[in-house]
Amino acid sequence: AGQMMSVRPDVLPQATLDELTNLQDGVVPFDTEIAVKQIEEELGGPLGQFFTSISEEPVAAASLAQVYLATLNDGKDTRVAVKVQRPSVLATVSKDLYVLRRAAEVFQMLVERFAPQQKTNYVALLNEWSIGFYTELDFANEARNQERLRTGLIEAGIKGITVPKVYDEMCTRRVLVSEWMDGIKLSECEKDEIAEITALAQEAFLTQLFGMGFFHADPHPGNILKLNEPTPEGYTVAIIDCGLMANVDKADQDHMISAVIHLANKDYASLVDDFIRLKILPTDCDRAAIIPLMDKALSPYVKGGGAKKYEEELKKMYGMEDSMSSQVGGFQAMTQDALTVLNDIPFSIPPYFAILGRAIVTLEGIALTGNEDYGIIMETYPFIARKLLSENRPEIQQALQEVLFSVGDSSNPGLKLNRLLALLNNASGAVGTKEGAAFVDLDAVPEDGLSLGDGLKLLLSQNAESVRKLLEEEVENIAWVFFRQIIRKGMTEASVALTPPRPPSLPFIGDLISPPKLQLDDIPLPFLLPGEEITSTPSVSLMTANQFTDLIAPKLTRDEEIYAISISDAAEEFLGPNVANFLRGDGLISTQSASLVLAAASTGLLGNKDLLGTQNAQNVIQTVSNLLKRLDSKAGGSVEEVLAEVTAKLSDDEKERLDEIVTELTQRTLAKVRARAATRQ
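Residues numbered from 1 in each chain as written. Predicted model: local features only at pLDDT ≥ 70, side-chain atom pairs only at ≥ 80, totals over all residues. Heavy atoms only, no water.

Which residues make up the overall build of the protein chain, and what are the values?
When helices and strands are counted, the protein chain shows 25 helices and 15 strands. Burial status across the protein chain gives 46% buried among its 681 residues. In the protein chain, the proportion of contacts linking residues at least 24 apart, taken out of those at least 6 apart, comes to 66%. For the protein chain, the accessible area works out to roughly 33900 Å², and carbon and sulfur atoms hold 55% of it. (Helix = DSSP H or I, 4+ residues; strand = E, 2+ residues; numbered from the N terminus. Buried < 20%, exposed > 50% of the residue type's maximum accessible area, 1.4 Å probe, protein only. Contact = heavy atoms within 4.5 Å. Areas by Shrake-Rupley, 256 points an atom, 1.4 Å probe, with all protein chains shown as cover.)

This is how it looks when you write it as C-alpha cells:
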C-alpha cells in the first residue's frame, strides 16, 4: 500500500510522498555473507563456479529480497542481476497474512450483518491478494513470469520498453539471475521524463491487459527503469520484478474493452450491462437508480486529474462551492447518494480486481506525476480503437459494430461513415471529444486528424483486418447503390445530350413540314444480354435506353436514397465536393462516358460468358478509369487527383490489398447486373 500511495500526488501532500519513498529506499539489507551462502546452497556449488565477481554490498534492498551486481563465469564476464530472497521472509509474510485474514473475516461478518445487500466477498479478495504475495516468494515462478512477459511484449511489437532476459539454469525458488540493466528508477526522473515514459509504459500495460491477458501487477516506480543508454534493439525503458503477475481471461478482457468504450462516450446504460457481465452488478439490479449515480460517480473520474480534480468536480456537481448553506446542502445530497449506493445497490468487487485495481491505481499515479491532468480512460481509448480495428473475433466485432453502426436507431440504420473516419483517427491518437473534452465523441472527426491518404493506409494495413471484414457486406451494398445512382443519372444526361435538335420552324409554314422531335428514349436499341446460366448463349433484346437502365440499375428505394445522401454528405465533408458529386452522379458523367456504357452493352460485353473472371473484372475497372478520364474539365481532374493522392502513400502490400478489394467489389456488382439482365430473356 505504501508503494502504491507513494505515487499519488493527487491524494497525498508532497512531504508524505517523500516519506513513503524514503521508507521504500530505507529498507535495511541483510548481511552479504548470508546472501552468498544462500546463493551457493540454491545453485549447488561454490560462488566462483557461477560468477567471477559479485558486489560487496547489495545495489538494491526491498522487503522480500535484495539484488547484487555480478559477472557470469561464462568467459565473457556478462553482467547480471542476482536477486536473493531474505531469510525467514516466508514465515514473516505468513504471520502478517494470517492476521489480515482474521481481520477480513470479522469485517465480512460486520458487512453481512449491517449491509447484507453488499455482495463483495472481502475474504476472497484477501485470499487473492495472499496468493499474489506467496507467488512473489517463488523466484522460479517469477523467472517464468519474466520470460513470458518479455516474449509477449516482443511478439506484440512493443517499442521502447523491454524486460530483462532470465538465465533459467541459475534460477531457483530463492535466487533469480537475470540480465543487468543500467538505469535509474522512474521515481528519480524529472516530470518531463516521466511523461515521456508514461506513454511507453501505458502501451505496454494495455497490451498486457487487453492483448496478452497476463499483466504486471506491481508497476511502481522502482520497477520501471529509465535506461542510461538505449539497448542495441533501441529499448530505453525496462520493466523489472515480475513476481506479482495476474491473468485475465478473454471473456473479461472483452467485457472490459466494452466498458471502456461505453465509459469513454458516457453510455452509462450500456455500461450497466458491462458491469453485469463482469459480475460487479447482479442481473436484477435497479437500472433506473444506478445510471444517474454512475453519472455522478464516474463522470468526474473520466475527466482526469486524479483525486484532487475529482473532488473539485464533485463540489461543482453538488453545488458546494459558494456559501456555507450550499456546502451543507451539497454535502447532505452527496451523503444521501453514498448511502443509496451502500444500501440499495448490491455491487460486488470480483477477487481478481484486487490485483488489477492496485496496478491501475499505481500506473495512474505515475502518470499524474508527469501530467497532473492525466485521465486514464481517455488515454486508453486510442489503444481500444486500434484493437477494434485489428482483432477479428466475434466479441470484438460486436463492439466494433456498435461503434460504427447506428445500433438501435431505426431512423438512421447502416454504417455511419463519419464514425469510421473518427475511429481511424482515434486509433492514430486523435480523439474527437464532447462535453468540455471530457468524453469521446464517436461521431466527431478531429480537424487535425488523419489525412485521407493516411486513413486509407491504416484501413488497408494488416492492423485493420477486423474492420475490413465487418464492412465487407456494407461496402458491397454501398457499391451497388452508387453504381445504380451513377448509371441512372449518367444515362439520363446522355439521353438528353444525344437527342438530335428539332429543326427550326419556317416562316408562315411553322411546324407543318418539320418532323416531330425524336426522343432517344423512344428508340428501341438492340442489346446483347447474357443467359441465366454462365454457359448459356447470349440473346439479343430490343429495348429503349430507359428500359435497359431500369433493367441493370433499378431505381433506388426511399431507404437507399436516404442512405446514399448520408454517405454522399459525409464524403463531401471529408473528401470534397467533387468526389461527393461523382457519387451523386451530378453532372459528372459526360455523354461520351454514357456512350461507352451503351457501347459496352450493345457490343456484347455484358453477354461475355467470362465476364466475372478476374481479367474481365480488371478490364471493367480499366473502363471505369477511362470513364473518369472523360469527366468534364471542371471537375474531372479533381477526382483523379484525389484518387492519386490517397493511393500515393500505400505500400505494395496495401496496394495489392486495395486491388483485391476493388476487383472483388467489381465482380460482385457485375454479378448482380448479369443476374438482372438474364431475367429479360
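Okay, back to it.
Give me the lowdown on the sheet that holds strand S5 (residues 161–162), citing residues and values where you can.
The sheet built from 4 strands is open, its strands ordered S5-S10-S9-S7 with mixed pairing. Sheet topology places S5 and strand S7 (183–185) at the edges, where each strand pairs with a single neighbour. One ladder, built from 2 bridges, connects S5 with strand S10 (residues 237–239); its direction is parallel. Its bridge partner lying in S10, Thr 162 is registered against Ala 238. (Pairing = 2+ DSSP bridges.)

So what's going on with unusual backbone geometry? Which residues, and what values?
The phi dihedral of Asp 241 falls on the positive side, at around 60°, and the residue is not glycine. As for its placement among the helices and strands, Asp 241 is situated in the loop between S10 and strand S11 (245–247). Positioned with a positive phi, Lys 266 is a non-glycine residue whose angle comes to about 60°.

Tell me about the packing of helix H15 (residues 394–404) against helix H16 (residues 417–427), and name the residues and values.
One can describe the packing of H15 onto H16 by two numbers: an axis separation of 8 Å at closest approach and a directional angle of 120°. In this view, H15 runs oblique relative to H16, as classed from their interaxial angle. Only Arg 419, Leu 420 and Leu 423 of H16 make contact with H15, whose side of the interface consists of Leu 400, Glu 402, Val 403 and Leu 404. When grouped by side-chain class, the residues that make up the contact of H15 with H16 number 5 nonpolar, no polar and 2 charged. (Axes fitted to C-alpha atoms, helices over the stretch in contact; angles between N-to-C directions. Parallel < 35°, antiparallel > 145°, perpendicular 65-115°, else oblique. Nonpolar A, V, L, I, M, F, W, Y, C, P; charged D, E, K, R; others polar.)

Talk me through the packing of aromatic side chains; I want residue IDs and the actual numbers.
Any aromatic ring pair is given by two values, namely how distant the centres are and how the planes are angled relative to each other. Evaluated as defined, the whole model comprises 4 aromatic pairs. For the ring pair Phe 210 and Phe 383, a centre distance of 6.4 Å and an interplane angle of 35° mean the geometry is tilted. Of the two residues, Phe 210 is situated in helix H7 (residues 191–212) and Phe 383 in helix H14 (residues 376–390); the sequence distance between them amounts to 173 residues. A ring pair is formed by Trp 480 and Phe 483, whose centres lie 5.8 Å apart and whose planes are at 15°; its orientation type is stacked. Of the two residues, Trp 480 and Phe 483 both sit in helix H18 (residues 465–498), 3 residues apart, roughly one turn of that helix. Taking NZ or CZ as reference, Lys 83 lies 5.0 Å from the ring centre of Phe 139, over its face. (Phe/Tyr/Trp six-rings, centres within 6.5 Å; stacked < 30°, edge-to-face > 60°. Lys NZ or Arg CZ within 6 Å of the ring centre and 35° of its normal.)

Requested: an account of helix H25 (residues 652–678), with residues and values cited.
Across its 27 residues, H25 extends 38 Å between first and last C-alpha, which sits within 8% of the 39 Å expected from 1.5 Å per residue. Considered for burial, the residues of H25 that qualify are Glu 654, Thr 663, Leu 665, Thr 666, Gln 667, Thr 669, Leu 670, Val 673, Arg 674, Ala 677 and Ala 678. (Expected span 1.5 Å × (residues − 1).)

Account for a nonpolar patch on the surface, with residues named and values stated.
A contiguous nonpolar surface patch, about 430 Å² in accessible area, is contributed by Val 106, Met 109, Leu 110 and Phe 114. Take Met 109: it is sitting in helix H4 (residues 89–114). (Patch = residues over 30% accessible without salt bridge, like charges linked within 9 Å, V, L, I, M, F, W, Y side chains within 5 Å. Salt bridge = Lys/Arg side-chain N within 4 Å of Asp/Glu carboxyl O.)

Mind laying out the pairing of strand S4 (residues 79–85), listing which residues take part and the relevant values?
Look at any regular strand and the pattern is simple: side chains alternate between the two faces of the sheet. Most of S4 sits out of view: 6 of its 7 residues are buried. Across 7 bridges, the pairing between strand S3 (residues 65–72) and S4 is antiparallel. Directly across from Ala 65, in S4, lies its bridge partner Gln 85. From the end of S3 to the start of S4, which pair antiparallel, there are 6 residues, and Gly 75 there has a positive phi angle of about 85°. Note that S4 and strand S6 (residues 175–179) share 5 bridges and pair antiparallel. Residue pairing in the sheet places Lys 83 in a bridge with Leu 176 of S6.

Which residues make up empty space enclosed by the protein, and what values do they have?
A full pass over the atoms with the stated rule returns 3 cavities of 30 Å³ or more. Thr 198, Ala 201, Gln 202, Phe 205, Leu 206, Leu 363, Glu 364, Ile 366, Ala 367, Tyr 374, Ile 376 and Thr 380 together form the lining of the largest cavity. Breaking the lining of the largest cavity down by element, the ones donating at least two residues are H7, helix H13 (353–370) and H14. Among the elements that take part in the lining of the largest cavity, H7 stands out by supplying 5 residues, more than any other. (1 Å grid on protein atoms, 1.4 Å probe; cavity = no way out; pocket = protein on both sides within 12 Å on 5 of 7 lines; lining within 4 Å. Points joined across faces, edges and corners; volume = space filled by probe spheres on them.)

How would you summarise the pattern of salt bridges if you had to cite specific residues and measurements?
Scanning all chains against the criterion turns up 28 salt bridges. A salt bridge links Glu 41 to Arg 174; the nearest nitrogen and oxygen atoms lie 3.8 Å apart. Residue Glu 41 is located in helix H3 (residues 32–43), and its partner Arg 174 is located in the loop between S5 and S6; the two are separated by 133 residues in the primary sequence. Its salt-bridge partner being Glu 142, residue Lys 83 comes within 3.0 Å of it at the nearest N-O pair. With Lys 83 in strand S4 and Glu 142 in helix H6 (residues 139–155), this pair connects stretches of sequence that are 59 residues apart. Across the pair, exposure class does not vary: Lys 83 and Glu 142 are buried alike. Among the ionic contacts, a cluster of salt bridges with common partners joins Lys 250, Asp 254, Lys 387, Glu 391, Arg 393 and Glu 395.

Give a description of the packing of H6 against H7 that names residues and reports values.
Two elements in contact, H6 and H7, have axes separated by 11 Å at closest approach and are oriented at 95°. Between H6 and H7, the interaxial angle falls into the category roughly perpendicular. In contact with Arg 148, Leu 149, Gly 152 and Leu 153 of H6, H7 contributes Ala 204, Gln 208 and Met 212.

Before we move on, could you go through a negative patch on the surface and cite the residues and values that matter?
A cluster of acidic side chains, namely Asp 652, Asp 653, Glu 656, Asp 659 and Glu 660, defines a negative patch on the protein surface. The residue Glu 656 is located in helix H25 in this model. (Lys, Arg positive; Asp, Glu negative; His and termini not counted. Charge placed at Lys NZ, Arg CZ, Asp CG, Glu CD.)

Which residues make up the nonpolar core, and what are the values?
Proteins that are soluble and globular tend to have nonpolar side chains buried together. The biggest cluster of nonpolar side chains holds 73 residues, and the ones touching the most others in it are Phe 210, Phe 215, Leu 388, Leu 404 and Val 467. With 9 residues, H14 is the largest single contributor of residues to this core. With residues up to four places along the chain from it excluded, the contact list for Val 467 reads Leu 388, Leu 389, Leu 400, Leu 404, Leu 420 and Leu 459. Ranked by size, the runner-up nonpolar core spans 18 residues in total, among them Leu 43, Phe 51, Val 80 and Val 84. (Core = buried A, V, L, I, M, F, W, Y, C linked by side-chain atoms within 4.5 Å.)

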